[in-house]
Structure formats: structure tokens, C-alpha cells
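Structure assessment
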Amino acid sequence: MDKRLAKRHKRQVARAKLHSKTSEPDVRTREQIEAARDASRPDTGGDRFAKFARAVRSKLTGSKESAEKAEN
């Protein structure tokens, strides 16, 4: 009985490997990913700090880009 179960398991694993789908890597640039993330965020008009948080986030990312330009 163990031999029969082992063969059955082997067949099931082989079928599962055939039907499994491997995920593809994300080939977008960092800017594209961040733009898509910002676009998918809900625009909460009722939150009084939403605009402030967005401004701070843009300043933080802007300073990183300006530092890279200064080095080049």
C-alpha cells in the first residue's frame, strides 16, 4: 500500500509542476513603480494632513534626486 501511495504522490507532484505558474519579475523602473503607487492611493479629501504628507513625501524624494544630480 505504501508503494501505491508513493506512486500516486509522485504523479500528483508531476501534475502540479506542469500546472504551476512562475511569476515574472517586475521590470519597471523605480520611478514607474512609485508613480503607479501614488496613482493607486486614494485621494482622501477629508483628511486635513493628506496634502501635507504628500508635500513632505515629494520633498523627500526631490532631495534625493537633487543630491544625485549634484554628484554627477
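Quick notes on the rules
Residues numbered from 1 in each chain as written. Predicted model: local features only at pLDDT ≥ 70, side-chain atom pairs only at ≥ 80, totals over all residues. Heavy atoms only, no water. Helix = DSSP H or I, 4+ residues; strand = E, 2+ residues; numbered from the N terminus. Buried < 20%, exposed > 50% of the residue type's maximum accessible area, 1.4 Å probe, protein only. Areas by Shrake-Rupley, 256 points an atom, 1.4 Å probe, with all protein chains shown as cover. Patch = residues over 30% accessible without salt bridge, like charges linked within 9 Å, V, L, I, M, F, W, Y side chains within 5 Å. Salt bridge = Lys/Arg side-chain N within 4 Å of Asp/Glu carboxyl O. Lys, Arg positive; Asp, Glu negative; His and termini not counted. Charge placed at Lys NZ, Arg CZ, Asp CG, Glu CD. Polar contact = N/O pair within 3.5 Å; in protein donor to acceptor, adjacent residues only side chain to side chain. pLDDT = per-residue confidence, 0-100.

Let's shift gears to the overall build of the protein. Scanning the protein for helices and strands turns up three helices and zero strands. Counted from the first residue to the last, the protein has its helices and strands arranged as α-α-α. Burial status across the protein gives 1% buried among its 72 residues. Of the accessible surface of the protein, which amounts to about 7400 Å², a share of 54% is contributed by carbon and sulfur atoms.

So, on to a positive patch on the surface. Where like charges cluster on the molecular surface, the positive patch consists of Lys 3, Arg 4, Lys 7, Arg 8, Lys 10, Arg 11 and Arg 15. One can find Arg 11 in helix 1 (residues 2-19). Under the relative-accessibility criterion, Arg 11 is labelled partly exposed at 43%.

Turning next to the pattern of salt bridges. As enumerated under the stated definition, the model contains two salt bridges in all. A salt bridge links Glu 34 to Arg 30; the shortest N-O distance between them is 3.7 Å. Note that Glu 34 and Arg 30 are positioned in helix 2 (residues 30-40) at a spacing of four residues, about one turn of the helix. Since its relative accessible area comes to 28%, Glu 34 is described here as partly exposed. According to the relative accessible area criterion, Arg 30 is exposed, its value standing at 59%.

Next up on the list: the environment of Asp 26. Here Asp 26 lies in the loop between helix 1 and helix 2. Given the relative accessible area of 48%, Asp 26 is considered partly exposed. Polar contacts involving the side chain of Asp 26 include one to the side chain of Arg 28, which spans 3.1 Å.

So, on to the confidence of the model for the protein. A residue-level look at the protein finds 58% of positions with pLDDT of 70 or above and a mean pLDDT of 77. The secondary-structure element of the protein with the lowest mean pLDDT is helix 3 (residues 50-71), recorded at 60, while helix 1 shows the highest, at 93.

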